[in-house]
Amino acid sequence: MKRLLALLIGLLLIAVGIQQVIADGSCTDCNWAPSSWTSVSVIIYPDSPNYAETQQSFVWYYENLEAFLALDAYYQYEIRRDRDVWDYMTIGEWGDIIVVGSYWTTLPNPTDTWTEEADSGGDEEFELKILSPEDLSPDTWYVVYVEFWRDPEDRGTTFTLWSESEYCGRGWPFCDFGRLDWCVMTEQTEGA
Amino acid sequence: MRKTIILGVFAVLLIVSSTLLLEASSLRNTSSIPETVIPYSKNMGVLKLQHEVVLVRNGYLAVIPNVTSKEELLAFVQQNKERLNSLRDGEVVSATITFKRPLRKSELLRLLGNNVKIVAVRYKSYPKGIGQMPYPMEVNESKELEHLEEKLRVELKEKSGIKEFRLIEGFISAKVIAPKEELVRILKSKDVFDVNIGPRDIAEEHGTKQMIIEDIWWYYEKYVLGQKR
């Protein structure tokens, strides 16, 4: 009985491990994700040291966009950090949420309302959700620019920054959790 | 024999649990949406209302309009008008104002007046692009915005062949905090399409007054301006 239990737990761990590897895989292995992308450029201007900017462009060629649209899903672009050193949103003096960052994009019908911050108990991710994915076009380069506020306490340290593409099926309110996947476009070490 | 019985029991348990999991999975794919908060993650729940989706977060609600036709859009705007009128006199609330055309900075400030606190603004770029930034904004004088405009100009020319680019064609919406009377006044302007104070009853149920409300510019452009064009 113990052997059987150990075998089952082992199989379960292998299955979870495989799923994790797939989930955290590169977007080069996902046919629904953008076909090509630039690296994330990070700029901190000396005359504006309280802010850091990221910018990335990506494009779906015909086949990948066709595969994405066949999923009937929302597209989500994310800039994630492994440490709470930059903020897009933060908690104010009276516990109120304050949007301190800004964004600019050519993606259709974007919203930043799914963004989560470690300060407010979530993951550390800027998320731009595209509510009208049917308006995406093939062979069109989309640009996402994000500006974050830099926490003075963490400056001089390093952290990992990565960009992700994600989809979530349409059906339930803006996300059918039964149909969800994501992949990593780029990953880099940055100075906070 | 004992081993066989244990294995048999185990197999039955596996079948039962698989069936239950399959049922749960098919339930998740159903189109019927419960009117209760659906857990999204450990820190967030989602609630579907008639014309909007509400994210119940730690200490605040995020409200995202969800309309699929001009009729739904106009019904949503009417609902928002009724919500605004139902406020007590003098009550101060968060609101998002969607304009009917991209406004210049001076027009935006004149329209909103001195008794309205601007939290953030969304703007439209020419010929494409949408941006959002917190207020106070530094539109002409900001070095950052100048840098950004130049960077994007280069990027758009290189990747999309766009020769003429302006970062801020005009402001399409504003997230504000204001008393009822000011919002009622603003709604009467010919340049304002919608003033949305969000579902305050839901906010109260969840013990918060703070809301981040998305504008309806995209739908206005698609279902109202698009039809005119």
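Bear in mind that the values here come from a model prediction, so they are computed numbers and not experimental data. (Residues numbered from 1 in each chain as written. Chains lettered and ligands numbered in written order. Predicted model: local features only at pLDDT ≥ 70, side-chain atom pairs only at ≥ 80, totals over all residues. Heavy atoms only, no water.)

Colleague: Explain the overall build of chain A to me, please; I cannot follow it from the model alone.
Modeller: Along chain A, the regular secondary structure elements total 2 helices and 13 strands. Partitioning the intrachain contacts of chain A with sequence separation of at least 6 by distance along the chain shows that 71% fall at a separation of at least 24. Of the roughly 8,100 Å² of accessible surface on chain A, 55% is carried by carbon and sulfur atoms. (Helix = DSSP H or I, 4+ residues; strand = E, 2+ residues; numbered from the N terminus. Contact = heavy atoms within 4.5 Å. Areas by Shrake-Rupley, 256 points an atom, 1.4 Å probe, with all protein chains shown as cover.)

Colleague: Help me understand the interface of chain A and chain B in this model?
Modeller: Interface size is commonly expressed as the accessible area that is lost once the parts come together. Listed per partner, the contact involves 53 residues of chain A and 54 residues of chain B. Buried area between chain A and chain B, both sides added, is near 4,600 Å², and the carbon and sulfur share of it is 59%. For the chain A face of the interface with chain B, the top three residues by lost area are Trp104(A), Trp172(A) and Pro173(A), together amounting to 16%. For the pair chain A and chain B, the interface holds 2 salt bridges. Along the contact surface separating chain A from chain B lie 16 residue pairs in polar contact (both at pLDDT 80 or more). Looking at the side of chain A that touches chain B, the elements that each hand over two or more residues are α1 (2–23), β3 (51–59), β7 (97–99), β8 (102–105), β9 (110–111), β11 (141–150) and β13 (176–191) of chain A. Its residues assigned to classes, the side of chain A that touches chain B comprises 25 nonpolar, 19 polar and 9 charged. (Buried area = accessible area lost by both parts, 1.4 Å probe. Salt bridge = Lys/Arg side-chain N within 4 Å of Asp/Glu carboxyl O. Polar contact = N/O pair within 3.5 Å; in protein donor to acceptor, adjacent residues only side chain to side chain. Nonpolar A, V, L, I, M, F, W, Y, C, P; charged D, E, K, R; others polar.)

Colleague: Please explain helix α2 (residues 62–70) of chain A as it appears in this structure.
Modeller: Along an α-helix, a turn takes 3.6 residues, which lines up residues three or four apart on a common side. Residues and elements named next belong to chain A. Along α2, the positions that sit buried rather than exposed are Asn 64, Leu 65, Ala 67 and Phe 68. Looking straight down α2, one finds that the buried residues subtend no more than 160° of arc, so they occupy a single side. Exposed residues pointing more than 90 degrees away from the buried face of α2 are listed as Tyr 62, Glu 63 and Ala 70. Where the residues of α2 are buried, they touch β4 (73–81) and β12 (158–169). (Buried < 20%, exposed > 50% of the residue type's maximum accessible area, 1.4 Å probe, protein only. Arc of directions from axis to C-beta.)

Colleague: I would appreciate a short explanation of the sheet that holds β12(A) in the present structure.
Modeller: Residues and elements named next belong to chain A. Pairing within the open sheet is antiparallel, and its 5 strands lie in the order β9-β10-β4-β12-β13. Sheet topology places β9 and β13 at the edges, where each strand pairs with a single neighbour. Pairing between β12 and β13: 12 bridges, direction antiparallel. Each bridged residue has a counterpart across the sheet, and for Glu 166 the counterpart in β13 is Trp 182. (Pairing = 2+ DSSP bridges.)

Colleague: Just to check I follow, could you spell out the sheet that holds strand β3 (residues 52–56) of chain B for this structure?
Modeller: Across a sheet, paired strands are connected by hydrogen bonds in the backbone, their directions being either parallel or antiparallel. Residue and element names in this part refer to chain B. Here 5 strands make up an open sheet; going across it, the order is β1-β2-β3-β4-β10 and the pairing mixed. Sheet topology places β1 (38–41) and β10 (211–213) at the edges, where each strand pairs with a single neighbour. Across the sheet, the mean angle from the axis of one strand to that of its neighbour is 25°, orientation sign disregarded. Here β3 pairs with strand β4 (residues 61–65) via 5 bridges, running antiparallel. Paired with Leu 55 across the two strands is Ala 62, which belongs to β4. (Axes fitted to C-alpha atoms, helices over the stretch in contact; angles between N-to-C directions.)

Colleague: Help me understand the state of the cysteines in this model?
Modeller: What makes a disulfide is a covalent bond joining the sulfur atoms belonging to two cysteines. Residue and element names in this part refer to chain A. Taken as a whole and assessed by the stated rule, the structure comprises 2 disulfides over all chains. Described in terms of the sequence order of its bonded cysteines, the disulfide pattern of chain A is 1-4, 2-3. Of all cysteine sulfurs, the one in Cys 183 lies closest to Cys 30, which takes part in no disulfide; the gap is 3.7 Å. (Disulfide = S-S within 2.5 Å.)

Colleague: Which parts of the structure should I look at to understand the environment of Leu180(A)?
Modeller: All names here are of chain A. Position of Leu 180 among the secondary structure elements: in strand β13. A relative accessible area of 37% means that Leu 180 is categorised as partly exposed. When the C-alpha positions of Leu 180 and Cys 168 are compared, they lie 4.5 Å apart, and in sequence the two are 12 residues distant. Leave out the neighbours within four places in its chain, and Leu 180 touches Glu 166, Tyr 167 and Cys 168.

Colleague: What is the right way to look at the environment of Ala192(A) in this model?
Modeller: Residues and elements named next belong to chain A. One can find Ala 192 in the segment after β13. A relative accessible area of 2% means that Ala 192 is categorised as buried. Distance in space between the C-alpha atoms of Ala 192 and Ala 52 is 8.8 Å, their sequence separation being 140 residues. If we ignore the near neighbours within four places in the chain, the residues touching Ala 192 are Val 85, Trp 86, Arg 150, Asp 154, Arg 155, Thr 157, Thr 158 and Phe 159.

Colleague: Quick question: what am I supposed to make of the packing of helix α2 (residues 70–85) of chain B against helix α5 (residues 180–187) of chain B here?
Modeller: Helix packing for two helices is described by the angle between their axes and how far apart those axes are. Residue and element names in this part refer to chain B. Remark: α2 packs on α5, axes separated minimally by 10 Å, with the N-to-C direction vectors making an angle of 145°. You can see that α2 and α5 cross each other, and the crossing is left-handed. Where α2 abuts α5, its residues Lys 81, Leu 84 and Asn 85 lie against Lys 180, Leu 183, Val 184 and Leu 187. (Left-handed = near helix turned anticlockwise from the far one by under 90°.)

Colleague: Could you clarify how one ought to interpret the side chain of Glu127(A) in this entry?
Modeller: Residues and elements named next belong to chain A. Checked against the element boundaries, Glu 127 lands in strand β10 (residues 125–130). The side chain of Glu 127 is buried and forms no salt bridge, while Lys 129, the nearest opposite charge, is found at 4.7 Å. At 3.4 Å, the side chain of Glu 127 forms a polar contact with the side chain of Gln 76. Not counting the four nearest positions on each side in its chain, Glu 127 is found in contact with Gln 76, Tyr 77, Glu 78, Thr 111, Asp 112, Trp 114, Thr 115 and Glu 166. (Lys, Arg positive; Asp, Glu negative; His and termini not counted.)

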